[in-house]
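# Coordinate inspection notes
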Amino acid sequence: MTETAQAAVIHGPHDLRIQPFAVPATGAGQVRVRVRAGGICGSDLHYFHKGGFGTVRLREPMVLGHEVAGVVEELGAGVSGVAVGDTVAINPSLPCWDCRFCRLGVPNQCLHMRFYGSAMPFPHIQGAFREVLICDAAQAVPAAMPVERAAFAEPLSVCLHAARQAGNLMGARVLVTGAGPIGILCLMAARLAGAREVVATDLMDATLAVARTVGADRTHNTREAPDALARYAADKGHFDAAFECSGSGAALASAIPVVRPGGTIVQVGLGGAETAVPLNLIVAKEICLRGTFRFHAEFAHAVDILARGALDVAPLLTGIMPLAAATAAFELASDRGRAMKVLLTF
Ligand SMILES: [Zn+2]
Ligand SMILES: [Zn+2]
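Okay, so let's go over this structure.

### Overview of the pairing of strand β1 (residues 4-12)
Of the pairings in the sheet, the one linking β1 to strand β2 (residues 15-22) comprises eight bridges and is antiparallel in character. Residue pairing in the sheet places Ala7 in a bridge with Gln19 of β2. Remark: two residues form the turn of the hairpin made by β1 and β2, two consecutive strands paired antiparallel; His14 in that turn has positive phi of roughly 60 degrees.

### Comments concerning the nonpolar core
By size, the foremost hydrophobic cluster in this structure holds 59 residues, and its most contacted members are Leu169, Val174, Ile184 and Phe243. For this core, the elements supplying multiple residues, two or more each, are α3 (147-150), α4 (153-165), β13 (173-177), α5 (181-192), β14 (197-202), α6 (205-213), β16 (239-244) and α9 (298-308). Setting aside residues no more than four positions away along its own chain, Phe243 makes contact with Ala162, Ala163, Ala166, Leu169, Val174, Leu175, Val176, Thr177, Cys186, Ala190, Val266 and Val268.

### Thoughts on the coordination of the zinc ion (ligand 1)
Around the zinc ion (ligand 1), the protein supplies Cys41 (SG), His66 (NE2), Glu67 (OE) and Glu154 (OE) as donor atoms, at distances of 2.2 to 2.6 Å. Geometry at the zinc ion (ligand 1) is irregular, judged from the four donor atoms that bind it and their angles of 84 to 170 degrees at the metal. Counting along the primary sequence, the residues that act as donors to the zinc ion (ligand 1) give the motif C-x24-H-E-x86-E.

### Section: the coordination of the zinc ion (ligand 2)
Cys96 (SG), Cys99 (SG), Cys102 (SG) and Cys110 (SG) make up the full set of protein donors to the zinc ion (ligand 2), lying at 2.3 to 2.4 Å. Sequence spacing among the residues donating to the zinc ion (ligand 2) works out to C-x2-C-x2-C-x7-C. Comparing Cys99 with Cys102 shows no difference in burial state: the two are buried.

### Topic: helix α10 (residues 326-334)
All buried positions along α10 are accounted for by Ala326, Ala329, Phe330, Leu332 and Ala333. For α10, the angular spread of the buried residues around the axis is 160 degrees, confining them to a single face. Against β2, α1 (42-50), β19 (317-322) and β20 (341-345) lie the buried residues of α10.

### Remarks on the pairing of strand β7 (residues 67-75)
One ladder, built from eight bridges, connects strand β3 (residues 30-39) with β7; its direction is antiparallel. Each bridged residue has a counterpart across the sheet, and for Gly38 the counterpart in β7 is Val68. In the sheet, β7 pairs with strand β8 (residues 87-90) via three bridges, with the strands oriented antiparallel. Residue pairing across strands places Ala69 opposite Ala89, the latter belonging to β8.

### Remarks on unusual backbone geometry
Along the chain, Phe122 connects to Pro123 via a cis peptide bond; the corresponding omega equals -5 degrees. Tracing the backbone through its elements, the reader meets Pro123 in the loop between β10 (114-115) and β11 (132-136). Even without a glycine there, the phi angle at Glu286 is positive, about 50 degrees. Note on placement: Glu286 falls in the loop between α8 (279-284) and β18 (288-291). Glu286 gets classed as exposed once you look at its relative accessible area, which sits at 64%. A positive phi angle is found at Arg294, which is not glycine, with a value near 50 degrees. Turning to its location among the elements, Arg294 is positioned in the loop between β18 and α9.

### Some details on the side chain of Gln126
Of note, Gln126 is situated in the loop between β10 and β11. With a relative accessible area of 18%, Gln126 lands in the buried category. Here the side chain of Gln126 touches Val63 through a polar contact of 2.7 Å, landing on its backbone nitrogen. Apart from the residues lying within four places of it in its own chain, the contact partners of Gln126 are Phe21, Glu60, Pro61, Met62, Val63, Tyr116 and Gly117.

The rules behind these values
- All residue numbers refer to positions counted from 1 along the written sequence of the respective chain.
- Naming scheme: in the order in which they are written, chains are lettered from A and ligands are numbered from 1.
- Restriction of local features to residues with pLDDT of at least 70 applies here, the model being predicted, together with a cutoff of 80 or more for giving and counting side-chain atom pairs; totals for whole chains, interfaces and linings are based on all residues.
- Only hydrogens and water are set aside when side-chain values are computed; all heavy atoms of the structure are taken into account.
- We treat two strands as partners when DSSP finds at least two bridges between them.
- Note on conventions: DSSP H or I runs of at least 4 residues are helices, E runs of at least 2 residues are strands, and numbering of each starts at the N terminus.
- Residue types Ala, Val, Leu, Ile, Met, Phe, Trp, Tyr and Cys, when buried and joined through side-chain atoms within 4.5 Å, form a set referred to as a nonpolar core.
- Working definition: with a 1.4 Å probe on protein chains only, accessible area under 20% of the residue-type maximum means buried, over 50% means exposed, and in between means partly exposed.
- Working rule for contacts: check all heavy atoms of both residues, and any pair within 4.5 Å makes them a contact.
- Distances decide who is a donor: an N, O or S atom must be within 2.8 Å of the metal, or within 3.2 Å for Na, K and Ca. Water is not included, so sites may look incomplete.
- Every geometry call rests on angle ranges, with four donors termed tetrahedral when all angles are between 85 and 135 degrees, four termed square planar and six termed octahedral when opposite donors are over 155 degrees apart and all others are between 65 and 115, and everything else termed irregular.
- This arc is built from the directions going out from the helix axis to the C-beta atoms.
- Distance and chemistry together define a polar contact, namely a pair of N or O atoms within 3.5 Å, with one atom able to donate a hydrogen and the other to accept it when in protein, and with adjacent residues in sequence counting only for side-chain atoms on both sides.

Don't take any of this as a statement about function, it's just geometry.
In structure tokens, the structure reads:
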């Protein structure tokens, strides 16, 4: 008889079911992990509300989740470097190591990427919101800390990678537009990288309060004060770098006048929509507009940062809810006035 474990499976918009999912045997080079905590991400919410984002659409039921941590309970043949009983953060990214981009050293662009809870390929890559996960040993990174903190390793990795796209931030003045969990973690990553001044914008006071708690120098509610950034536009722009984390074209357009000549704007947020930007300003100010996609080497770095307590993610944690209440947890996580990061427990 096949062993099963409960999992959070999305069948379509607002149709999230807790149901048994097969647990395969632990193969050579793999570990079996008892999942303990899983953070609900913006991409999970896109599947939950709309069945996908942009051109990425659910075409079959899929286990959600890619921000998980747990405890190792079995080792496959030949596994070393991790032991039964270890708390581990799970790197949801599994590149092929053989395609053109893996060989170029950019495995986050792998042509055959297996990333948990992604409907980009078909069949979809099943996610990690399940009681038991069998993964490659290399994906299970020992994380000597509470699982609730270890579950932040994935979103922090995204933001460390984004910060890397911005180049040297030592002494930099940084703007973050969109102060959700990713915006907040970008803000913290920029600080860690040496930013001297960090300014955050959002449409909600609640998220801006968290931004100030974690160290934003100033925050602006651009719903209440749409021209709040105008003060930073003098002398061709105040900021050395900007992280656009909202996915809104209007936010990107607002950043361009306030980033100095030669500055960098990192587009982190995915809106899925085409947008108009003031191209002439990008040209005239020689602004570098960069994308950023997932991460790779940053995952182990994120675990290390969290283990050392080099930054404190506690202000981001809104609530912890059991897997059985996953639908309620997804609803809470969708309410930006009340929620930053919501974790499931298994
Ligand atoms: Zn995520
Ligand atoms: Zn590859």
